[in-house]
Amino acid sequence: MKKFQYMLVSLCLVVSFVVNAAQSSDPLEGMNRKVHSFNNMVDSVAFKPLAKGYKAVTPDIIEVGVKNFFANIGDVGTLINNVLQFKIRDAAVDLARIGFNSTVGLAGILDVASGMGLEKHSEDFGQTLGVWGVPSGPYLVLPFLGPGSLRDSPASLVPLDGWRYIEHIPTRNVGYATRLMQNRAEFFSYEEIVTGDNYLFIRDAYLGIRQHAVNDGIVDEIFNEDDF
């Protein structure tokens, strides 16, 4: 526990030290575009074909079960982050969701909690740092991790996901691969709405979504009139 607390404090100090208020939302655009192109190449030759195969052989009902299973595991991280953000009511709802879905919902395969009116939340450590006042910093694209920021990218590596603590390595790796395929398959329906410069579209969408998430739905204007 002390090791985990030390890691959280160290991360906060490092991020607070290196993050500054950038005048541009993307001062690293040159580097980011190169990494973005690399990620697209890897996706086109590896992840996308695998996800298509996964979707082709997996019945819809199984896909929903897999999605619910990993969403239930993800609720553990959401619970921890809501506690860190002092959102006690939301944390209590998260705990109830985990309890019902893990038992009545057969280890989360069935999302019975939503049917009971228990709202699903989505909180990560990057959002927690934002609530604590750590600025986002410049937009940052990392190999394989994809879009992020100087705050959110390292924060995504903080092990709040319970799946990371499974000691049986083959089981853990199969779970990661299945989760990756499921998450990638869900993006197929969104690819049709991407227009214009792929890099700019994803960047602006990411920045808007993250601001919405950190501010709990209160979004400042991030576009100017020239964008329309």
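Rules of the game
Residues numbered from 1 in each chain as written. Predicted model: local features only at pLDDT ≥ 70, side-chain atom pairs only at ≥ 80, totals over all residues. Heavy atoms only, no water. pLDDT = per-residue confidence, 0-100. Contact = heavy atoms within 4.5 Å. Salt bridge = Lys/Arg side-chain N within 4 Å of Asp/Glu carboxyl O. Helix = DSSP H or I, 4+ residues; strand = E, 2+ residues; numbered from the N terminus. Expected span 1.5 Å × (residues − 1). Phe/Tyr/Trp six-rings, centres within 6.5 Å; stacked < 30°, edge-to-face > 60°. Buried < 20%, exposed > 50% of the residue type's maximum accessible area, 1.4 Å probe, protein only. Core = buried A, V, L, I, M, F, W, Y, C linked by side-chain atoms within 4.5 Å. Pairing = 2+ DSSP bridges.

1. Thoughts on the confidence of the model for the protein chain
- Summing up the model confidence of the protein chain, the mean pLDDT is 85 and the portion of residues at 70 or higher is 84%.
- This model gives residues 1–6 a pLDDT under 50, and the stretch forms three contacts once residues within four places in sequence are excluded.

2. Side note on the pattern of salt bridges
- One pass over the structure, following the stated rule, counts 16 salt bridges.
- A cluster of three or more residues bridged by salt bridges with shared partners is formed by D43, K48, R184 and E191.

3. Quick notes on helix α3 (residues 60–84)
- Given a rise of 1.5 Å per residue, 25 residues ought to cover 36 Å, and the 36 Å separating the end C-alpha atoms of α3 matches this to within 8%.
- Trailing α3 by a residue or two, F86 shows a phi angle of about 65 degrees, which is positive.

4. Examining the packing of aromatic side chains
- Taken as a whole, this structure holds eight aromatic pairs when the rule is applied.
- Aromatic side chains F70 and W163 sit 5.5 Å apart centroid to centroid with 70 degrees between the ring planes, which places their arrangement in the edge-to-face category. With a gap of 93 residues between them, F70 in helix α3 and W163 in the loop between α7 (152–155) and α8 (169–186) connect regions that are remote in the sequence. Neither F70 nor W163 differs from the other in exposure class; each is buried.
- Counting every residue linked through ring pairs, the aromatic cluster contains F69, F70 and W163.

5. Side note on the nonpolar core
- Counting nine residues, the largest nonpolar core is built from A51, Y54, V66, F70, I73, W163, M181, A185 and F188.
- Elements with a contribution of two residues or more to this core: α2 (29–57), α3 and α8.
- F125, L129, A155 and V158 belong to the second-largest nonpolar core, a separate cluster that totals six residues.

6. Topic: the pairing of strand β1 (residues 139–142)
- With four bridges joining them, β1 and strand β2 (residues 146–149) adopt antiparallel strand pairing. Counterpart to L142 in the pairing with β2 is G146.
- The hairpin formed by β1 and β2 contains three residues between the paired strands, and F144 there has a positive phi angle of roughly 70 degrees.

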